[in-house]
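# Analysis of the macromolecular model
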Amino acid sequence: MPQPVDSARSIVRDAKRIAVLTGAGVSAESGIPTFRSNGGFWQNQRFEDLATPQGFARDPKFVWQWYEERRRNIAETKPNAGHHALVALENRAEQFTLVTQNVDGLHDLAGSKNLIKLHGDIWTLRCTKCNKEKVDRTELADLPPYCDCGGMLRPGVVWFGEMLPEGAIEKASAVVVSADVLIVAGTSAQVYPAAALIPLALRSRAAVIEVNPEETDFSSDVTFGLRGPSATILPQLL
Ligand code: APR
């Protein structure tokens, strides 16, 4: 009796168009805590204090202290075997798009090319006055940082209640609708509109492969539910 991962591997092997949706779980084995599991960043910090425009307006220095602490933590980490497996898959597939909710930049570091970042990038700073964006990986000494124009800089990430980057979810939806397979790895599938890509795939023609040590709302609907850590399972799909 073939194991689900063997069947999933043959689906991936035969797929011409591969779409992938990743969440914080794929960076867990690089040492970056996820948001909603125990000990995650959010456990000891309240959402409304940190990842909302209101929280930032109320206390920009406090919010920047938390983001800069994350930037410093992430700077010490590196991509894991799961990130590298997705790069190998991209290099082999006829069509491949990686849609990520992650802002840590580890997919870029691993070498992923065709990437849609739904929630922005923690290494990007955006001016709240002139809207200019720049990538800055340096340690930000003075918080909050300011733009040359005098405006205050904010993290280039999407906060709760904010719009996603222009066209991102539309592009990701088009990719999912035409995919032969959607691999969903490391996400609790609780934050929309990113999570809506999963039922969209289930209503379309894609086989959906979920990689997660825990169940999610969609686990009973997916084609293959591979229960385990992505750094182990994703390489097995190659
Ligand atoms: N491999 C695969 N999945 C894992 C691993 C692992 N080693 N470890 C944990 N997970 C799973 C957890 O079971 C959980 O389902 O990763 C998921 C992480 O879920 P969340 O912490 O909710 O992260 P995510 O789904 O990415 O959150 C979505 O919410 O906070 C906002 O903007 C933030 O992008 C984030 C969004």
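## Concerning unusual backbone geometry
With omega at -5 degrees, the peptide bond leading from Leu 143 into Pro 144 counts as cis. Here Pro 144 lies in the loop between strand 5 (133-135) and strand 6 (153-157). Positioned with a positive phi, Asn 131 is a non-glycine residue whose angle comes to about 70 degrees. Along the chain, Asn 131 falls in the loop between strand 4 (120-127) and strand 5. Positive phi, close to 55 degrees, is recorded for Ala 189, a residue that is not glycine.

## Focus: the packing of aromatic side chains
On inspection of all chains with the given rule, the structure shows 3 aromatic pairs. Ring centres of Phe 56 and Trp 159 lie 5.1 Å apart, and the angle between their planes is 40 degrees; on these two criteria the pair is classed as tilted. One end of the pair, Phe 56, is in helix 4 (residues 53-58); the other, Trp 159, is in the loop between strand 6 and helix 8 (168-177), with 103 residues separating them in the sequence. Consider the rings of Trp 66 and Tyr 67, whose centres lie 4.8 Å apart with planes at 75 degrees: the pair is edge-to-face. By way of ring pairs, the aromatic residues Phe 56, Trp 66, Tyr 67 and Trp 159 are connected into one cluster. If you follow Arg 154 out to its NZ or CZ, it ends over the ring of Trp 159, 3.9 Å from the centre.

Definitions and cut-offs
Residues numbered from 1 in each chain as written. Predicted model: local features only at pLDDT ≥ 70, side-chain atom pairs only at ≥ 80, totals over all residues. Heavy atoms only, no water. Helix = DSSP H or I, 4+ residues; strand = E, 2+ residues; numbered from the N terminus. Phe/Tyr/Trp six-rings, centres within 6.5 Å; stacked < 30°, edge-to-face > 60°. Lys NZ or Arg CZ within 6 Å of the ring centre and 35° of its normal.

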